[in-house]
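Notes for the structure review
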Amino acid sequence: MKWGLIGASTIAKEWVISAIRAVGDDVIAVVSADDQRAKEFAQSNEIVQYSSDINALLENPDVDSVYISTKNHLHKEQALLAIRAGKHVMCEKPLALSLEDAHEMVKAAQDAGLVFATNHHLRNAASHTAMRQAVQSGLIGKPLAARVFHAVSLPPHLQGWRIAEGAEGGGVILDITVHDADTLRYILNDDPVEVTAFTQTGVLSKTGLPDSVMGVMRFKSGLIAQFHDSFTAKHADTGLEIIGTEGTLVARNVMTQKPVGEVSLVNAQGTRKMILEHVNLYESGFRQFGEAVAGRAQPAATGHDGIWSLATGIAVVQAAQSGRATPVAHG
Ligand code: NDP
């Protein structure tokens, strides 16, 4: 399969181009809003076609699929254009800035018979898949609670729109909390219904955008999940715990882009470390996307999953603003 990149982004450069190539696909075109950036990005990443005009990429009949990793406010329009041009879409999270827009994107792809996926890479981690299997096989009994530790230090080269531009979809919630929501949905096979949250700002963000958030999600099953997401935690480990009636899954160093981390099962018999076969999270996502295009599988995270994580993120934003528990308005 041949890919076009919509967005000359850091994530494309650092992770996605190599993942696409590692699974045997090729990257043949890139579009940036800026001519010079498009050219430099193409040359430094060995991409043949570059342009500041999205139509040039979309009119290339050799491009089968597009990967959208522009700033968040641009995803919707670019996805709709790509779908109209008959391209399959792997879109970055958050899919859009409103649920209506996300629904429109996913429906457009569905109506056109095209694959639409969300790049929620954390589902592809060996750690989270082992936790999902442990929950499904009843190893911890009935899951009652979860704790997500996703407080990290935003590197200086990413301290731009993420901490400054609400209109472009910045802020820690649409950046990180959406990943928590998706990872919990994947592990628990359950959906969030209501959230509460408090935010903090001013440590990195000088525009009032939240750069840290703590809150609680309540799931359909009754499970409650506590989350801490941050751009400002310089010396904190990430982790995820699922506490059940018969045992607890304790995962450390797992809310990350890297194929690393550990998971232990703690129960009446003691503590047992699970055996994990780590894989590149992005390669897994793009390999499965290829299977979806071939009609053999669903994407690792579908458009529907992207709508759920966005709905949860928007509810967390609203809960923090209002100070009240807020329903997750997925529909
Ligand atoms: P970047 O800020 O690196 O890229 C976003 C846009 O900013 C690019 O499309 C580019 O615009 C512009 N840009 C990038 N670098 C420069 C520069 N040096 N000077 C001027 N403009 C620049 O963001 P990320 O790569 O971190 O994030 C992009 C998207 O990917 C977001 O939606 C984010 O949420 C998502 N993401 C997902 C991750 C995951 O693991 N699933 C991880 C990280 C991000 P143009 O294309 O017009 O040149």
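Up top is the structure these notes are about.
Below: a short report on this structure. (Residues numbered from 1 in each chain as written. Predicted model: local features only at pLDDT ≥ 70, side-chain atom pairs only at ≥ 80, totals over all residues. Heavy atoms only, no water.)

**Re helix α5 (residues 99-112)**
Counted at 1.5 Å a residue, the expected span for α5 with its 14 residues is 20 Å, and the 20 Å between its end C-alpha atoms agrees. In this structure, the buried side of α5 is in contact with α4 (75-84), β5 (88-91), β6 (116-118) and α10 (303-322). In the segment just after α5, Gly113 is the residue with positive phi, at about 70 degrees. (Helix = DSSP H or I, 4+ residues; strand = E, 2+ residues; numbered from the N terminus. Expected span 1.5 Å × (residues − 1). Contact = heavy atoms within 4.5 Å.)

**Some thoughts on the site of the ligand**
What surrounds the ligand is a group of 24 residues, the closest being Thr10, Ser32, Ala33, Asn72 and Tyr282. One of the backbone nitrogen or oxygen atoms of Ile11 is found 2.9 Å away from an oxygen atom of the ligand. Interatomic distance of 2.8 Å between a backbone N/O atom of Lys93 and an oxygen atom of the ligand. Its free accessible area being 880 Å², the ligand has 78% of it covered by the protein chains. Those elements giving two or more residues to the shell around the ligand turn out to be α1 (10-22), α7 (161-164) and α8 (172-188). Looking at the shell around the ligand residue by residue, the class counts come to 6 nonpolar, 12 polar and 6 charged. (Near = heavy atom within 4 Å. Polar contact = N/O pair within 3.5 Å; in protein donor to acceptor, adjacent residues only side chain to side chain. Areas by Shrake-Rupley, 256 points an atom, 1.4 Å probe, with all protein chains shown as cover. Nonpolar A, V, L, I, M, F, W, Y, C, P; charged D, E, K, R; others polar.)

**A closer look at the side chain of Thr248**
Within the secondary structure, Thr248 sits in strand β12 (residues 247-252). With a relative accessible area of 18%, Thr248 lands in the buried category. Setting aside residues up to four positions removed in sequence, Thr248 forms contacts with Ile140, Ile242, Ile243, Ser264, Leu265 and Val266. (Buried < 20%, exposed > 50% of the residue type's maximum accessible area, 1.4 Å probe, protein only.)

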